[in-house]
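Summary of structural features
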Amino acid sequence: MSCLQLVLKHGERLDTDVTDRLKAYIKASLPHAADPRVHFTMYNDNFASLSCFTLIVGGALLGDPAAVETGRGRLEGIRDLFRRRGTLMEYGSPTYTPVNTHIFAELATFAPDPGTRELALGCEHRMWAEIAAHWHAPSGHLAGPYSRSYWIDTVGHTHLLSGLLWLVFGDDVIVNPVADLFPPRGGTV
């Protein structure tokens with residue numbers, strides 16, 4: 001996904017040999033992304049989200065319609081998962097909720113066709129609903145039960161959700177990653 005983002009967002013600033021190397025890496029990644037063991041019923045939903053983006057956007061970039069179709073099928077799978085359960089396996093995670101939200105937002109931006117962009121946007125909206133449902137405004141963190149967190153999340157320090165919210169809302173967020181990480185406060189994780 002990172003290689004794709006570099007090519008799509010900064011391709012005009014890259015030398016041809018760099019772009020060619022990134023595209024070769026993307027092409028080599030497509031079979032791994034298409035591996036049927038990577039799906040939305042596993043405990044690492046972010047892997048499946050990343051594979052959707054890689055297959056759909058990378059497949060479109062490289063002219064691989066089979067990759068695009070496989071990615072689209074996975075994206076329809078996540079939509080169906082949301083319809084059945086309302087959430088991912090990594091529900092409410094201060095780490096993986098922002099990762100999945102970001103992936104769906106990028107997919108809604110870079111997918112090659114309006115139907116896929118609309119589907120990805122619906123998944124992104126569901127992820128924002130997940131954030132809103134677990135939001136604890138006084139602390140600026142997600143609250144309640146969640147899956148797959150890390151020490152930094154558990155002790156309430158700056159984490160990935162802080163960065164996502166800062167990107168969307170700017171400096172008015174309670175836990176401001178720019179102010180709270182650079183330089184890091186003493187005694188933090």
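Structure's up top.
Residues numbered from 1 in each chain as written. Predicted model: local features only at pLDDT ≥ 70, side-chain atom pairs only at ≥ 80, totals over all residues. Heavy atoms only, no water.

**Quick notes on the nonpolar core**
The line we're drawing: Nine residue types can take part in a nonpolar core, namely buried Ala, Val, Leu, Ile, Met, Phe, Trp, Tyr and Cys, and a core is a set of them joined through side-chain atoms within 4.5 Å. Throughout this description, buried means an accessible area under 20% of the type-specific maximum (1.4 Å probe, protein chains only), exposed means over 50%, and partly exposed covers the range between. Contact between two residues is taken to exist if any of their heavy atoms lie within 4.5 Å; hydrogens are not considered.
Counting residues in each nonpolar core, the largest one holds 24 residues, and the members touching the most others are Phe53, Leu75, Ile78 and Leu107. Leaving out residues up to four positions away in the same chain, Leu75 has contacts with Cys52, Ile56, Phe104, Leu107, Thr116, Leu119, Ala120 and Cys123. Counting residues in hydrophobic clusters, the runner-up holds 6 residues, among them Leu161, Leu164, Leu165 and Val173.

**Some remarks on the side chain of Ser51**
Formally: Secondary structure is summarised from DSSP: a helix means a run of H or I of at least four residues, a strand means a run of E of at least two, and numbering begins at the N terminus for each.
Along the chain, the position of Ser51 falls in helix α3 (residues 45-62). With a relative accessible area of 4%, Ser51 lands in the buried category. Discounting residues that sit within four places of it in the chain, Ser51 has contacts with Ala33, Val38 and Arg74.

**Quick notes on a nonpolar patch on the surface**
Stated precisely, the cut-off is as follows: Patch members must show over 30% relative accessible area and no salt bridge, and they are joined within 9 Å when carrying like charges or within 5 Å when they are nonpolar side chains of Val, Leu, Ile, Met, Phe, Trp or Tyr. Surface accessibility follows the Shrake-Rupley procedure with a 1.4 Å probe radius. Residue values consider only the protein chains on display as shielding. Salt bridges, as used here, are contacts in which a Lys or Arg side-chain nitrogen is within 4 Å of a carboxyl oxygen on Asp or Glu.
Together, Leu167, Val168 and Phe169 give the surface a local cluster of nonpolar side chains, amounting to about 340 Å² of exposed area. Looking at the secondary structure, you find Phe169 in helix α8 (residues 160-169).

**Details of the packing of helix α5 (residues 96-110) against α8**
Our working definition: The convention used is that axes are lines fitted to C-alpha atoms, helices contributing only their stretch in contact, and that angles between N-to-C directions extend from 0 to 180 degrees. Angle categories: roughly parallel below 35 degrees, roughly antiparallel above 145, roughly perpendicular from 65 to 115, and oblique for all the rest. Crossings are classed by handedness, with left-handed meaning an anticlockwise turn of the near helix from the far one by less than a right angle and right-handed meaning a clockwise turn. Charged residues are taken to be Asp, Glu, Lys and Arg, nonpolar residues to be Ala, Val, Leu, Ile, Met, Phe, Trp, Tyr, Cys and Pro, and polar residues to be all remaining types, Gly included.
In contact at an axis separation of 7 Å, α5 and α8 are set at 40° when each is read in the N-to-C sense. What the angle tells us is that α5 and α8 run oblique. The interaxial crossing formed by α5 with α8 has left-handed handedness. Contacts between α5 and α8 involve Pro98, Val99 and Thr101 on the former and, on the latter, Leu160, Leu161 and Leu164. Residue composition of the contact of α5 with α8, by class: 5 nonpolar, 1 polar and no charged.

**Re α5**
What counts here: A helix is expected to reach a length of 1.5 Å times the quantity of its residues less one.
The end-to-end C-alpha distance of α5 is 21 Å, a good match for the 21 Å that 15 residues give at a rise of 1.5 Å each. The set of residues buried in α5 consists of Tyr96, Thr97, Pro98, Asn100, Thr101, Ile103, Phe104, Glu106, Leu107 and Ala108. Taken together, the buried residues of α5 touch α1 (2-10), α3, α4 (65-85), α6 (114-134) and α8.

**Considerations on the pattern of salt bridges**
For the structure shown, the criterion picks out 6 salt bridges. Residues Arg83 and Asp80 are paired through a salt bridge, measuring 3.8 Å at the closest nitrogen-oxygen approach. Here Arg83 and its partner Asp80 are both found in helix α4, 3 residues apart, which amounts to about one turn of the helix. The class of Arg83 is exposed, set by a relative accessible area of 64%. Residue class for Asp80 comes out partly exposed when judged on its relative accessible area of 29%. A salt bridge links Glu130 to Arg126; the nearest nitrogen and oxygen atoms lie 3.7 Å apart. Taken together, the residues Glu130 and Arg126, both in helix α6 and 4 residues apart, mark about one turn of the helix. Taking the relative accessible area as the measure of exposure, Glu130 reaches 6% and is therefore buried. One salt-bridge network, held together by shared partners, links Arg79, Asp80 and Arg83.

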